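Residue strings, one per chain:
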Amino acid sequence: MFKIDLSKERLSQEEIKTLEEMWRRCARRIILSTTLAGCGHPGGSLSSLHMLILLYALIEHDPKNPRFPERDRVVISHGHISPGVYSVLCEYGYFPEEPFLMEFRRAGSAFGGHVEQSVPGVEWTTGNLGQGLSAACGMARALKLKEIPRRVFCVMGDGEQQKGQVIEARRFAVKFGLNNLCALIDYNRLQIGGRIYRVMPQDIAHEIKATFWNVIEANGHDFNDLYQALRRFGTGEVLCPEKPTAILAQTTMGKGISFMEDDEKWHGMALPPDLAKKALEELGFDASEVDVLLEKRKSYEISFPVFPHEPEPVEVEVGEPILYGPEVKTDCRSAYGKALASLAELNNKTGEPPKVLGVSCDLEGSVKMTAFRKISPLAFHEVGIQEHHAATVAGVLSKEGFLTFFSTFGVFAVDETINQHRLNVLNETALKIVATHCGLDVGEDGPTHQCVDYLGLLLNLIGLEIYFPADPNQTDRIIRYVAKSKGNVFVGMGRSKLPVILNEAGEPFFGKDYVFTPGKADLLRQGEEGTIIAFGSVMPQVLSAWEKLKSEGVSVSVLNMASLRPLDEKAILNAAEQGPIMVVEDHVVETGLGSLVAKTLAKHGQSAKLCLKGVTRYGTSGKPADLYREQGLDADSIVKDMKELLA
């Protein structure tokens, strides 16, 4: 494998010649892969190509063992340059050329249209611009926490510098001293809409300097000039060695193919076969291979195996659960905070890298992370009011061998950052999102902060587990369960203090013998005529309604559905066999638990009278009890509607 030693001041003529030959072979692959697929992004791939080829000659990496812990990392933020990235990885021996050319952009192939971790050598699945630098920050922070002296390189487009999340990432990198991070910006001055300064004016160099990064400008098509820039970063010969570095590489869209150069048309358009032949001739290759490979691709079967990219494992002790007695009235977020603090005490040992991390956004006290921070300050990440960046960083850290909790209010943890969580899920992270202040229960903060639509969003994230505890005891058990869970998990909770849920003997229902089981509903009360299914902050209202119904001789069951995914469909079907079902939830009716119950019944061909009670309009500012009364979620309304349902 071709390797260049950073200790030398300049590249030798022999090294430059080797790099130029590598460039020529990779440029051919870029043209062929996109033309054979009939689509793709050749323009930016060619403008970034010199950077990519040189970078892999300088970094510590191993094509035979792509995920070894002591490697340097390369994050491709502008993921559409996959033809260039795959061409370079192929050049360095990560995989053979044929499957790349034959399978690129085909259904079922590892070689996706935007870079994906299914291809060996790709560190992060990207595509939505502006998130790659956040991912690189997460990796650089992980290396710092593990005390591994390696570096992270983030290759970016110039157009994506318009994204606000990029600036969030820059600030984070400075705050956390990520001098092991280098951004390489492909400054070709073109994006889909044309010249970048016409689409959205900005002074990229000065903006980066304003966030206190080192900035080096270089000719992005001169291997020696690029080498000098990368060497300065690698040896710490920059203005502020304790800060991250950005290399602004002056490039040309479509570099190396005369009729493609400096034309935005080729940003996302493949050359037709006739122009592909012309391009290959310019590069010095046989143009006839276009027709040969087009014919071969027609019958070529997808065969290249998808590269595994599960999160690094982390083993933690979960400790003994905290038991809240009948006399206690506290909020679920405080129970979460205590459980999190106990996880830190058990697992974050002095003198060792922490195992449990916390990430929040200027809401440490409100989400009850203060005790965690005091116990383990190195493990706590105050990211500021930068939720998009925080969500991505937290996702990356969860994949790097850390149990990572990301906590903020529901509207910020879900509504604000759903796209970031979507990419986390696509990257197979293992993030624990714990969102407080969900629902009308937020109360006086009003409708902008009353997150009443999270299920409708989260259920779109394939594989994400969703839990919503009913009281502090169940909160404690769920947090300790998710600490051992291997995947992405959402745990929601309200703001208000709640009474401990008791069984009919007056003891904590979620007592010392209770074990939280995903996909299993809790039968809080047994009845005969019908069932109320609910979860979370409305449970005190539901249990109060049950008492009133009982006093009037009406016998109904109460089912607590704390596990919303996986869902206890059997419990729902059993409830339907018993009689009418009422669903009560502090959530929008159309996309909440009620819709899940209705779908379950329809899917299994089961019929039951249904009454769906939830949020039907945005709330106002007021006490939660008053807001519940306005929307018919108070005990008296539940009693009235249940009696009508049973009539």
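See above for the structure.
As the structure is a computational prediction, the values presented were derived from the model and not from experiment.

(A) How the structure looks around helix 21 (residues 593-603). Those residues of helix 21 not exposed but buried are Leu593, Gly594, Leu596, Val597, Thr600 and Leu601. Seen from one end, helix 21 has its buried residues packed into an arc of 165 degrees, which puts them on one side. Of the residues in helix 21, the exposed ones pointing more than 90 degrees away from the buried face are Lys599, Ala602 and Lys603. Those residues of helix 21 that are buried are in contact with helix 17 (454-458), strand 17 (530-534), strand 19 (563-565), helix 20 (569-578), strand 20 (581-588) and strand 21 (610-615). Just downstream of helix 21 lies Gly605, where phi reads positive at about 65 degrees.

(B) Seen up close, the packing of helix 1 (residues 13-37) against helix 3 (residues 82-91). Closest axis-to-axis distance for the helix 1/helix 3 pair is 9 Å, and the angle between their directions is 130 degrees. Classified by the interaxial angle, the pair formed by helix 1 and helix 3 is oblique. Note on packing geometry: the crossing formed by helix 1 with helix 3 is right-handed. Residue-level inspection shows Met22, Arg25, Cys26, Arg29, Ile30, Ser33 and Thr34 of helix 1 in contact with helix 3, the latter providing Pro83, Gly84, Ser87, Val88, Cys90 and Glu91. Looking at the contact of helix 1 with helix 3 residue by residue, the class counts come to six nonpolar, four polar and three charged.

(C) Up close: the sheet that holds strand 3 (residues 181-187). With respect to topology, five strands assemble into an open sheet ordered 1-2-3-7-6, the strand pairing being parallel. Looking along the sheet, the strands with just one partner apiece sit at the ends: strand 1 (73-76) and strand 6 (214-219). Here the strands of the sheet are splayed against their neighbours by 20 degrees on average, with no regard to which way each runs. Sheet topology places strand 3 next to strand 7 (residues 245-250); six bridges connect them, and they run parallel. Looking across to strand 7, one finds that Tyr187 is bridged to Gln250. Packed onto the sheet, helix 9 (residues 223-235) meets strand 2 (152-157), strand 3, strand 6 and strand 7 and runs at close to 160 degrees relative to strand 6.

(D) Summary view of the nonpolar core. Counting residues in hydrophobic clusters, the biggest one holds 142 residues, and the most contacted among them are Leu181, Phe405, Tyr454, Phe490 and Leu593. In terms of residue count, helix 5 (residues 132-146) provides more of this core than any other element does, nine residues in total. Those residues within four positions of Leu593 in sequence are excluded, and the remaining contacts are Leu455, Ile533, Ala534, Phe535, Met561, Leu564, Leu567, Val583 and Glu585. Ala27, Met51, Tyr56 and Ala110 belong to the second-largest nonpolar core, a separate cluster that totals 71 residues.

(E) Fine view of the pairing of strand 18 (residues 556-560). Burial analysis of strand 18 places five of its five residues in the buried class, which makes it a mostly covered element. Neither face of strand 18 is left uncovered, since the one carrying Val556, Val558 and Asn560 and the one carrying Ser557 and Leu559 both have all their residues buried. Pairing of strand 16 (residues 522-525) with strand 18, which is carried by three bridges, proceeds in the antiparallel orientation. Opposite Leu523, over in strand 18, you have Leu559 as the bridge partner. Pairing of strand 17 with strand 18 involves five bridges; the strand directions are parallel. Looking across to strand 18, one finds that Thr531 is bridged to Ser557. One crossover worth recording links strand 17 to the parallel strand 18 by way of helix 19 (residues 539-551), and it is right-handed.

(F) Molecular detail of the environment of Ala276. Summarising the element assignment, Ala276 is placed in helix 10 (residues 273-283). Measuring from C-alpha to C-alpha, the distance between Ala276 and Tyr86 comes to 18 Å, with 190 residues separating the pair along the chain. Setting aside chain neighbours within four positions, we find Ala276 in contact with Ile31, Thr35, Leu271 and Val290.

(G) Region of the structure containing the pairing of strand 12 (residues 432-436). Most of strand 12 is tucked away, with five of its five residues classed as buried. Going residue by residue along strand 12, you find Lys432, Val434 and Thr436 tucked away on one face and Ile433 and Ala435 tucked away on the opposite face as well. Bridge analysis of strand 11 (residues 403-409) against strand 12 gives five bridges, and the strand direction is parallel. Considered in strand 12, the bridge of Thr408 is made with Ala435. Pairing of strand 12 with strand 14 (residues 489-492), which is carried by four bridges, proceeds in the parallel orientation. Pairing of Ile433 across the sheet is with Phe490, part of strand 14.

(H) A look at the packing of aromatic side chains. Per the stated rule, a full pass over the model turns up 22 aromatic pairs. Note on Phe100 and Phe111: the rings are 5.8 Å apart at their centroids and 45 degrees apart in plane angle, and the pair reads as tilted. With a gap of eleven residues between them, Phe100 in helix 4 (residues 97-103) and Phe111 in the loop between helix 4 and helix 5 connect regions that are remote in the sequence. With respect to burial, Phe100 and Phe111 carry one shared label: buried. Note that Arg28 overlies the ring of Phe285, its terminal NZ or CZ placed 5.7 Å from the centroid. The ring of Tyr187 carries the charged tip of Arg189 above its face, separated from the ring centre by 4.0 Å.

(I) Expanded view of the sheet that holds strand 17. Strands sit in the order 16-18-17-20-21 across an open sheet of five strands; the sheet is mixed. One side of each edge strand has no neighbouring strand; the edge strands of this open sheet are strand 16 and strand 21. Strand-to-strand, the axes of this sheet are offset by a mean angle of 25 degrees, without reference to chain direction.

(J) Main features of the environment of Leu549. In this fold, Leu549 is placed in helix 19. Sequence-wise, Leu549 and Asn419 are 130 residues apart; in three dimensions their C-alpha atoms are separated by 44 Å. For Leu549, the contacting residues outside a window of four places in its chain are Ile532, Val554, Val556, Val639, Met642 and Lys643.

About the cut-offs
- Residues numbered from 1 in each chain as written.
- Predicted model: local features only at pLDDT ≥ 70, side-chain atom pairs only at ≥ 80, totals over all residues.
- Heavy atoms only, no water.
- Buried < 20%, exposed > 50% of the residue type's maximum accessible area, 1.4 Å probe, protein only.
- Helix = DSSP H or I, 4+ residues; strand = E, 2+ residues; numbered from the N terminus.
- Arc of directions from axis to C-beta.
- Contact = heavy atoms within 4.5 Å.
- Axes fitted to C-alpha atoms, helices over the stretch in contact; angles between N-to-C directions.
- Parallel < 35°, antiparallel > 145°, perpendicular 65-115°, else oblique.
- Left-handed = near helix turned anticlockwise from the far one by under 90°.
- Nonpolar A, V, L, I, M, F, W, Y, C, P; charged D, E, K, R; others polar.
- Pairing = 2+ DSSP bridges.
- Core = buried A, V, L, I, M, F, W, Y, C linked by side-chain atoms within 4.5 Å.
- Right-handed = clockwise from strand over helix to strand, strands pointing away.
- Phe/Tyr/Trp six-rings, centres within 6.5 Å; stacked < 30°, edge-to-face > 60°.
- Lys NZ or Arg CZ within 6 Å of the ring centre and 35° of its normal.

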